[in-house]
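Understanding the architecture of this molecule
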Amino acid sequence: MMSMMYEGSIRDVGKLLSLLSSLLNLKVIGLRYVNKSLSYGELNSIDEAPLNVEDVQAPSSYKLVEEGASGRFRHSFPSLKYFLYPPVQDVLYIGRDFSSREAKVDLGDVALFGIKPCDLHSMKVFDGILMNRDPYYTSARSSIKIVVVEECVKPSKVCFCGSLGTGPWASDGFDVAFARLSNSVVFKPGSSIGSDLLKRLNVKRASDETMYEYREAMDNALKSTKALPELTALNNALEKSMGSGELWTKVSRKCVGCSNCNMVCPTCFCTEFFDEVELDESAVRLRKWHGCLSYSYGLVAGGHFRPKLYMRYRHFILHKFLFYPNQVGLIGCVGCGRCITWCPLGVDIRETLWEVFKSVS
Amino acid sequence: MLAKPLTPLLATVVDLIDEAPLVRTIYVALRDFPEPAPGQFNMVYAKGLGEAPISISDVFRKGDRLVIAHTIRSVGAVTKYTTCIGVGSQIGIRGPYGRGWPIEEAKGMDLLIVGGGIGLAPLRPIIRYVEAHRDSFGKLFILYGARTPHDLLFKSELGKYANIPNSITKISIDKPYEGWTGYVGFVTDLINYIDLDPGRTAAYICGPEVMMKVAVRRLINRGLKPDKIFLSLERRMRCGMGVCGTCQFGHYFVCKDGPVFSYGELMKYLWVDGI
Ligand SMILES: Cc1cc2nc3c(=O)[nH]c(=O)nc-3n(C[C@H](O)[C@H](O)[C@H](O)COP(=O)(O)OP(=O)(O)OC[C@H]3O[C@@H](n4cnc5c(N)ncnc54)[C@H](O)[C@@H]3O)c2cc1C
Ligand code: SF4
Ligand code: FES
């Protein structure tokens, strides 16, 4: 929160969006709220952004409300991976004669608009695993030229980014961040292009009162999203818990292994490959998301590497907190809370972590 | 590397050897394929069926082509497909993948090879390597076990291992079998029958995971150091190159961080069921 900040109005947010396409010639991608439904796609104007709707989230419950909405939209089940690493993707086309051609990903030049700090952070985690290793992700990711983030003045009940340092504000990896306060919008540049864009908006330097309101809002948002044990102690506890099948059986008792959490998690990247054979004997090699909670994930001829459900649930948790730091230098959970909302049983990862923490510390 | 990492190269089958019931070695010839190191594997592709990770059980040059052997047990879609092909058939191959056996590092040491069943396949390139560089290593112990005499791999070759200078080969089968005069019991028992110098021995193990665990325990009891015991892990692999995530074992991606690991690297996870 160090750089110079500006203030303007919601109209400036709209202008910013227009500049991205008119000045920079970018395709503006974000969540669209059109005809009462939400989806990732091209935002043609600010009117399509979900600015006047609220997502009311709780364990196993999601509702979009317009009436009496605070206008504080956080997120829905599609995270950025819908766009960067789609649920099903062509990989190869294999001809009848076995000739092959790799599928191409060409998204054009893109600006991401209005993404949340937690989702911004999830891109760093994805980068650590896939960038320069997976050709399709690398190409999709490289198409992103500008990132505009909306900081969270009012987190939802499932948000816990404050425990992980991944929200409620954005610290790096963006071009412009904005936050909607009671009567104004504050803007923060995150790059030199971001600064240039803001200069074209005629926004003014944020007044002391506005800065005060902004800091207070962020402070409150941070407090409301601190929901985990202290991270070093939590890590030690998870490390110690690893071999206790009994404890993990207990904490996973509600889980049914449906893998919804994997699908909505912005950092779950596992996939499986398969062939679709055409009538002319050519084949399309596809890949689709696969989740470690589902039974078939570790299934092999003559056995299973994680036969019991608690093993699969444990992997989900340990991967985020213990294994990702080894793999990419970052905790793999960004605290968005999607897994809590979209779990049909309302399994709450915050409770799981507390339960493990208390049992072994 | 980013060019076409998921595209299989078309390979022609040049030879086939039926090794044991349901096990067949398929030799394919490839141009412009990187020379695999002992312990690495390829993704073998059968159109319409999918891919399976298969260890490289032998490599040699023939003219401008590299001939690579895959010794495959038929258990499912892709592996069964490979039993119904013949010389001249074409299959897809991409690779080689993974971190293989550290052999150079063991120069001057005694080598112990412990293989169970199909697990001898990825170990065979070590034996080849030692034969080619015999003076660089001390003693060579080869312990190999299969369920029945029929299930032993590389039968015509096994007898010849005894001719490698300064080496001992011991073979076991699980249960008594008519005509079998060798050892009966688990291959890991054979560890008790060899004269190991724990301070100067490096061990290379591949087989079913339970067998590898027993071998590790025995070798640790015999005084081998955890960072001198190497095992090749098997996990479900869908990409072979660190992107699909499904081969994870603790924080490792078995496909790219392994499949070969030292016991020292695995200690934390190996005894945790279903990690
Ligand atoms: C690094 C490595 C090296 C291997 N080397 C050999 C070898 O040299 N010879 C050999 O016979 N087998 C080897 N295997 C095991 C072999 O990969 C499986 O038997 C094979 O994948 C089965 O595929 P399928 O399509 O015939 O079976 P299906 O059961 O039809 O396969 C369904 C899916 O499960 C996967 N799968 C099934 N069984 C296994 C398994 N045991 N391990 C990993 N994935 C599995 C397949 O790849 C496929 O994607 C190796 C496995 C690994 C991980
Ligand atoms: S988790 Fe944090 S950053 Fe993400 S939507 Fe909730 S408050 Fe915003
Ligand atoms: S096999 Fe895909 S990551 Fe290892």
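Residues numbered from 1 in each chain as written. Chains lettered and ligands numbered in written order. Predicted model: local features only at pLDDT ≥ 70, side-chain atom pairs only at ≥ 80, totals over all residues. Heavy atoms only, no water.

1. A few points about the interface of chain A and chain B
Each partner contributes residues to the interface: chain A has 48 residues there, and chain B has 43 residues. Contact between chain A and chain B buries roughly 3600 Å² in total, counting both sides, with carbon and sulfur atoms accounting for 60%. Together, A:Phe98, A:Arg133 and A:Phe305 form the three largest contributors to the area buried by chain A at its contact with chain B, with a combined 20%. The tally of links from chain A across to chain B stands at four salt bridges. Residue B:Arg238 is joined to A:Glu272 by a salt bridge in which the shortest nitrogen-to-oxygen separation is 3.0 Å. At the junction of chain A with chain B, the criterion picks out 23 residue pairs in polar contact (both at pLDDT 80 or more). (Contact = heavy atoms within 4.5 Å. Buried area = accessible area lost by both parts, 1.4 Å probe. Salt bridge = Lys/Arg side-chain N within 4 Å of Asp/Glu carboxyl O. Polar contact = N/O pair within 3.5 Å; in protein donor to acceptor, adjacent residues only side chain to side chain.)

2. A word on the site of ligand 1
The full set close to ligand 1 counts 21 residues, and B:Pro53, B:Thr71, B:Arg73, B:Thr79 and B:Glu234 are the nearest of them. Chains contributing residues to the immediate surroundings of ligand 1 are chains A and B. Within the contact set of ligand 1, a nitrogen atom lies 2.7 Å away from a backbone nitrogen or oxygen of B:Thr71. For the shell around ligand 1, a count of residues per class yields 12 nonpolar, four polar and five charged. Here the shell around ligand 1 spans two domains, since at least three of its residues come from each of domain 1 (9-97) and domain 2 (104-270) of chain B. (Near = heavy atom within 4 Å. Nonpolar A, V, L, I, M, F, W, Y, C, P; charged D, E, K, R; others polar. Domains from an automatic or database assignment.)

3. Examining the packing of aromatic side chains
The way to describe two aromatic rings as a pair is by their centre distance and the angle between their planes. This model, assessed by the stated rule, comprises 25 aromatic pairs over all chains. Considering the side-chain rings of A:Phe98 and B:Tyr45, the 6.1 Å spacing of their centres and the 90 degrees angle between planes classify their relative orientation as edge-to-face. Placement of the pair is A:Phe98 in the loop between β6 (88-94) and β7 (100-102) and B:Tyr45 in strand β3 (residues 41-46), with the two residues belonging to separate chains. This pair shows no difference in class: A:Phe98 is buried, exactly as B:Tyr45 is. (Phe/Tyr/Trp six-rings, centres within 6.5 Å; stacked < 30°, edge-to-face > 60°. Helix = DSSP H or I, 4+ residues; strand = E, 2+ residues; numbered from the N terminus. Buried < 20%, exposed > 50% of the residue type's maximum accessible area, 1.4 Å probe, protein only.)

4. Regarding the domain arrangement of chain A
Residues and elements named next belong to chain A. By the assigned domains, chain A splits into domain 1 (6-224) and domain 2 (231-360). A separation of 25 Å is found between the C-alpha centroids of domain 1 and domain 2. Between domain 1 and domain 2, the residue contacts involve 45 residues of the former and 44 residues of the latter. Carbon and sulfur atoms make up 63% of the area that domain 1 and domain 2 hide from each other, which totals about 3600 Å².

5. A few points about the domain arrangement of chain B
Residue and element names in this part refer to chain B. Split into domains, chain B comes out as domain 1 (9-97) and domain 2 (104-270). With centres defined by C-alpha atoms, the gap from domain 1 to domain 2 works out at 22 Å. With 22 residues of domain 1 at the interface, the matching set in domain 2 holds 21 residues. Of the roughly 1600 Å² buried where domain 1 meets domain 2, counting both sides, 60% is carbon and sulfur surface. Applying the counting criterion to the domain 1 and domain 2 interface returns one salt bridge. We note a salt bridge from aspartate 58 to arginine 128, for which the minimum N-O separation is 3.0 Å. Applying the counting rule to domain 1 against domain 2 returns five residue pairs in polar contact (both at pLDDT 80 or more). Among the secondary structure elements, those contributing two or more residues to the side of domain 1 that touches domain 2 are β1 (9-20), β2 (23-30), β3, β4 (50-62), β5 (65-73) and β6 (90-97).

6. Details of the site of ligand 2
Residues in contact with ligand 2, as listed here, are A:Arg74, A:His75, A:Pro117, A:Cys118, A:Cys152, A:Pro155, A:Cys159, A:Cys161, A:Gly335 and A:Cys336. Of the residues contributing to the shell around ligand 2, the split by class is seven nonpolar, two polar and one charged.

7. Some remarks on the pairing of strand β11 (residues 201-206) of chain B
Residue and element names in this part refer to chain B. Burial analysis of β11 places six of its six residues in the buried class, which makes it a mostly covered element. Of the two faces of β11, the one holding Thr201, Ala203 and Ile205 and the one holding Ala202, Tyr204 and Cys206 are both buried throughout. By the bridge criterion, three bridges tie β11 to strand β12 (residues 229-232) in an arrangement that is parallel. The partner of isoleucine 205 across the bridge, within β12, is leucine 231. Viewed along the sheet, the connection from β11 through helix α4 (residues 209-221) into β12 turns out right-handed. (Pairing = 2+ DSSP bridges. Right-handed = clockwise from strand over helix to strand, strands pointing away.)

8. Re a negative patch on the surface
All names here are of chain A. Residues Asp90, Glu276, Glu278, Asp280 and Glu281 make up a contiguous surface patch of negative charge. One can find aspartate 280 in the loop between β13 (271-277) and β14 (283-289). With relative accessibility at 43%, the residue aspartate 280 sits in the partly exposed group. (Patch = residues over 30% accessible without salt bridge, like charges linked within 9 Å, V, L, I, M, F, W, Y side chains within 5 Å. Areas by Shrake-Rupley, 256 points an atom, 1.4 Å probe, with all protein chains shown as cover. Lys, Arg positive; Asp, Glu negative; His and termini not counted. Charge placed at Lys NZ, Arg CZ, Asp CG, Glu CD.)

9. Re the sheet that holds strand β9 (residues 167-173) of chain B
All names here are of chain B. In space, the seven strands of this open sheet follow the order β10-β9-β8-β7-β11-β12-β15, with mixed pairing throughout. Every other strand in the sheet has two partners, leaving β10 (183-184) and β15 (260-262) as the edge strands with one partner each. Bridge analysis of strand β8 (residues 140-146) against β9 gives seven bridges, and the strand direction is parallel. When the sheet's bridge partners are listed, leucine 143 is paired in β9 with lysine 170.

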